[in-house]
Amino acid sequence: MSLLRRLPPVLRALLAQALAFAGLVALVRLGLRFPPLLWVLLQAVLAVFLSRWLGLGPRWVFMQATLPFLVRVLWGAPIPAWVYLLLFLGLALFFGGGLLTRVPLYHASEDAWEKLEDLVPDRPGLRFVDLGCGFGGPVAHLARRRPEGVFVGVEASPFTWLVAWLRCLSLGNARIRLGSLWRVDLAGFDVAYAFLSPVPMPQLWAKARREMKSGSRFISHSFEIPNETPHRVIPVKGRDGARLLIFEV
Ligand SMILES: C[S@@+](CC[C@H](N)C(=O)[O-])C[C@H]1O[C@@H](n2cnc3c(N)ncnc32)[C@H](O)[C@@H]1O
């Protein structure tokens, strides 16, 4: 049970819907018959119950309850199947990278890029990494302003990576890698920056402390590290509470 609860929420949500569906199919095999609307209602109720059991939060439970009704509404709609496939592929290619890490795609403001600049020492050979670089804004900006440093962005979503890669193509000191930030060895960087979500922060901080050299710097955009006090906090423009939290390793 605790193993199931440790699955990423999206997999737990799928599991809840699949188990609810399997349960209803089993009842039909036993001879019960449900009119379509009752089937949808039962699917929603069972999915909600199983989602709570699997430890999903209120937002997920709400989505679980509405999903069967949405499927029912779209079931007979004259929408060709390839439209769904295209939508799914588009979403996966732009947002897939953050699905398991539970990090959406949004961007730091230009004000944050400017303020990051003050936090990146101006010295030849300095190495900076943006862990989950999105469309590559911070990497491209810093690479232009600090021609003697090396600026690396890592991005897991293929289309997002492609946009960042194209954006940095003409910059000789910027590299955009496709892949997971968890596979990046942070030992080779003087400054690591991340704008992710609260979920991966404890694990990411443990990785930074394990791998980064003493004297290097870890910057989190907006998200705190539980039980750690940042050495400095710099407010930046953007959503409410946007700020850079600076941790000296
Ligand atoms: C909030 S955006 C930040 C974009 C950019 N760093 C900025 O400050 O504007 C987070 C990005 O991290 C990416 N991401 C999430 N999990 C990742 C992972 N495990 N490995 C690499 N990239 C990841 C997402 O796809 C998304 O593009």
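Before going into details, it helps to say that this report is about the structure given with it. (Residues numbered from 1 in each chain as written. Predicted model: local features only at pLDDT ≥ 70, side-chain atom pairs only at ≥ 80, totals over all residues. Heavy atoms only, no water.)

What about the overall build of the chain?
- A count of helical and extended segments in the chain gives nine helices and seven strands.
- If one aligns the C-alpha atoms of the chain with their principal axes, the spans along those axes are about 75 × 40 × 30 Å.
- A burial count over the chain gives 40% of its 249 residues as buried.
- By sequence separation, contacts in the chain at least 24 residues apart represent 63% of the contacts at least 6 residues apart.
- Put simply, the chain shows about 14100 Å² of open surface, and 66% of that area lies on carbon and sulfur atoms.
- With 28 positive and 16 negative side-chain charges, the chain shows a spacing of 13 Å between the two charge centroids. (Helix = DSSP H or I, 4+ residues; strand = E, 2+ residues; numbered from the N terminus. Buried < 20%, exposed > 50% of the residue type's maximum accessible area, 1.4 Å probe, protein only. Contact = heavy atoms within 4.5 Å. Areas by Shrake-Rupley, 256 points an atom, 1.4 Å probe, with all protein chains shown as cover. Lys, Arg positive; Asp, Glu negative; His and termini not counted. Charge placed at Lys NZ, Arg CZ, Asp CG, Glu CD.)

Quick notes on the packing of helix α5 (residues 81-95) against helix α8 (residues 158-168)
- Interaxial distance between α5 and α8 falls to 4 Å at its minimum, and their mutual angle equals 55°. The angle between the axes of α5 and α8 places the two elements in the oblique class. Residues A92, L93 and F94 of α5 touch α8, and the partners they reach there are P158, F159 and T160.
- Grouping the constituent residues of the contact of α5 with α8 by class yields five nonpolar, one polar and no charged. (Axes fitted to C-alpha atoms, helices over the stretch in contact; angles between N-to-C directions. Parallel < 35°, antiparallel > 145°, perpendicular 65-115°, else oblique. Nonpolar A, V, L, I, M, F, W, Y, C, P; charged D, E, K, R; others polar.)

As for the pattern of salt bridges
- Applying the stated criterion across every chain, the model contains eight salt bridges.
- Across the pair K115 and D111 runs a salt bridge, and its minimum N-O distance is 3.2 Å. Of this pair, K115 and D111 both sit in helix α6 (residues 110-119), four residues apart, roughly one helical turn.
- Residue class for D111 comes out buried when judged on its relative accessible area of 18%.
- A salt bridge links E211 to K207, with the nearest nitrogen and oxygen atoms 3.0 Å apart. Here K207 and E211 lie together in helix α9 (residues 201-211), a separation of four residues that amounts to about one turn. (Salt bridge = Lys/Arg side-chain N within 4 Å of Asp/Glu carboxyl O.)

A word on the sheet that holds strand β1 (residues 127-131)
- The mixed open sheet is built from seven strands, whose spatial order is β3-β2-β1-β4-β5-β7-β6. Here the strands that pair on one side only, and so sit at the sheet edges, are β3 (174-178) and β6 (232-235). Averaged over all pairs of adjacent strands, the angle between strand axes in this sheet comes to 20°, irrespective of strand direction. (Pairing = 2+ DSSP bridges.)

A short note on a nonpolar patch on the surface
- On the surface, a nonpolar cluster with roughly 770 Å² of combined accessible area is contributed by L67, L70, V71, V73, L74, W75, I79 and Y84.
- The element that contributes the greatest number of residues to the nonpolar patch is helix α4 (residues 58-75), accounting for six residues.
- If you trace the backbone, L67 turns up in helix α4. (Patch = residues over 30% accessible without salt bridge, like charges linked within 9 Å, V, L, I, M, F, W, Y side chains within 5 Å.)

A look at the site of the ligand
- Close to the ligand lie 24 residues, the nearest being A108, G132, E155, L181 and Y193.
- At a separation of 3.3 Å, a nitrogen atom of the ligand approaches a polar backbone atom of A156.
- Measuring from an oxygen atom of the ligand, one finds a side-chain N or O atom of S157 at 3.3 Å.
- Against a free-state accessible area of 600 Å², the protein chains account for coverage of 98% of the ligand.
- Looking at side-chain class alone, the shell around the ligand contains 13 nonpolar, nine polar and two charged residues. (Near = heavy atom within 4 Å. Polar contact = N/O pair within 3.5 Å; in protein donor to acceptor, adjacent residues only side chain to side chain.)

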